Amino acid sequence: SCSLIWSTDGRHVASGSRRNGAAVLDVSNGKQVILSSYPSEAGEYVAWIKFHDRNCLVTASHRIKIWDVDNQELIEEMIYSGDTTFTSIAASSDGRFCAYRDKNRISFLDATSWNCQLEIRSNRPNRKGGVIAFNPVKPLIATPGNDDHSIDVWRYNAEVLTYRSP
């Protein structure tokens, strides 16, 4: 698995993998929720958001897709030009922002309009992978640093996104 995450309401758990794409388990009945007849198309990185008052799964690989899990349907798909390959996707605990990481940047998206609000660029690729984690209480995200024992913490303002590296 590349990623594993509980839904915000605790009803589902989702996983993503490079080989098999996204899978969702409904923990109330133990059944798998089928998102696509081609599971690998669903995406290997997963995050949960509230999207138009629905509990939705966001998946990413070469595209970002938003899935209505309860109705088992694809709601929206964002196609990015160039060779964008996502290495992680995460959602803020309030559901207002989604962040994705590719080789040299972290991009913050407004989770209702999907417009990019901020890009944090790095002049060197992250060798340890692109995991992103939002702090559930404070306006902070964490990413692995470029050496074996470091973590970069980025501060953002939820109204006007800015960042400060430590």
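Here, the structure is the one placed above.
Residues numbered from 1 in each chain as written. Predicted model: local features only at pLDDT ≥ 70, side-chain atom pairs only at ≥ 80, totals over all residues. Heavy atoms only, no water.

1. As for the sheet that holds strand E14 (residues 140-144)
And then number 1: Taken together, the three strands give an open sheet; going across it, the order is E13-E14-E15, and neighbouring strands pair in antiparallel fashion. Strand pairing shows two members of the sheet lacking a second neighbour, strand E13 (133-134) and strand E15 (151-155), which therefore form its edges.
And then number 2: Bridge analysis of E13 against E14 gives two bridges, and the strand direction is antiparallel. Following the sheet pairing, Phe-134 is matched in E14 by Ile-141. (Pairing = 2+ DSSP bridges. Helix = DSSP H or I, 4+ residues; strand = E, 2+ residues; numbered from the N terminus.)

2. Focus: the environment of Pro-139
And then number 1: Note that Pro-139 resides in the loop between E13 and E14.
And then number 2: Using a relative accessible area of 33% as the deciding quantity, one classes Pro-139 as partly exposed.
And then number 3: In this structure the C-alpha to C-alpha distance between Pro-139 and Arg-155, which are 16 residues apart in sequence, comes to 5.8 Å. (Buried < 20%, exposed > 50% of the residue type's maximum accessible area, 1.4 Å probe, protein only.)

3. A word on the sheet that holds strand E8 (residues 73-79)
The strands that make up a sheet are held in pairs by hydrogen bonds between backbone atoms, and each pair lies either parallel or antiparallel.
And then number 1: Pairing is antiparallel in the open sheet, where four strands are placed in the order E5-E6-E7-E8. Both edges of this open sheet fall to strand E5 (45-51) and E8, since each of them pairs with a single strand only. Neighbouring strand axes in the sheet, compared pairwise and without regard to direction, differ in orientation by 25° on average.
And then number 2: Summarising the sheet, E5 and strand E6 (residues 54-60) pair through seven bridges and their orientation is antiparallel. From the neighbouring strand, Ile-49 faces E6, where its bridge partner is Cys-56. (Axes fitted to C-alpha atoms, helices over the stretch in contact; angles between N-to-C directions.)

4. Details of the packing of aromatic side chains
And then number 1: Applying the stated criterion to the full structure yields one aromatic pair.
And then number 2: Seen from their ring centres, Phe-108 and Phe-134 are 6.2 Å apart, and the 85° between their planes marks the pair as edge-to-face. Highlighted residues: Phe-108 in strand E11 (residues 105-110) and Phe-134 in strand E13, separated in sequence by 26 residues.
And then number 3: Classification of Phe-108 as buried rests on a relative accessible area of 1%.
And then number 4: What makes Phe-134 buried here is its relative accessible area of 12%. (Phe/Tyr/Trp six-rings, centres within 6.5 Å; stacked < 30°, edge-to-face > 60°.)

5. So, a nonpolar patch on the surface
And then number 1: Taken together, the side chains of Trp-6, Leu-25 and Val-27 present a nonpolar region at the surface, about 280 Å² in accessible area.
And then number 2: By the secondary structure assignment, Trp-6 is in strand E1 (residues 3-6).
And then number 3: Take Trp-6: its relative accessible area is 52%, and that puts it in the exposed class. (Patch = residues over 30% accessible without salt bridge, like charges linked within 9 Å, V, L, I, M, F, W, Y side chains within 5 Å. Areas by Shrake-Rupley, 256 points an atom, 1.4 Å probe, with all protein chains shown as cover. Salt bridge = Lys/Arg side-chain N within 4 Å of Asp/Glu carboxyl O.)

6. A short note on the pattern of salt bridges
And then number 1: Under the criterion given, the structure shown has three salt bridges.
And then number 2: The closest approach of N and O atoms between Arg-11 and Asp-9, which form a salt bridge, is 3.4 Å.
And then number 3: Note on Arg-11: relative accessible area 36%, which makes it partly exposed.
And then number 4: Of the charged contacts, one joins Glu-77 and Lys-65 as a salt bridge, the two residues approaching to 3.9 Å between their closest N and O atoms. Residue Glu-77 is found in strand E8, and its partner Lys-65 is found in strand E7 (residues 63-68); the two are separated by 12 residues along the sequence.
And then number 5: The class for Lys-65 is buried, based on a relative accessible area of 9%.
And then number 6: Salt bridges sharing common partners tie together Asp-9, Arg-11 and Asp-70.

7. Examining the nonpolar core
And then number 1: If you look at the biggest cluster of nonpolar residues, it comprises 17 residues, and the most contacted ones within it are Ile-49, Val-58, Ile-64, Ile-66, Ile-89, Cys-98 and Trp-114.
And then number 2: Of all the secondary structure elements, the ones that give two or more residues to this core are E5, E6, E7, strand E9 (88-91) and strand E10 (97-101).
And then number 3: The element that contributes the greatest number of residues to this core is E5, accounting for four residues.
And then number 4: For Cys-98, the residues in contact, after removing those within four places along its chain, are Ile-49, Val-58, Ile-89, Ala-90, Ala-91, Ser-107, Phe-108, Leu-109 and Trp-114.
And then number 5: Counting residues in hydrophobic clusters, the runner-up holds 12 residues, among them Ile-106, Phe-108, Ile-132 and Trp-154. (Core = buried A, V, L, I, M, F, W, Y, C linked by side-chain atoms within 4.5 Å. Contact = heavy atoms within 4.5 Å.)

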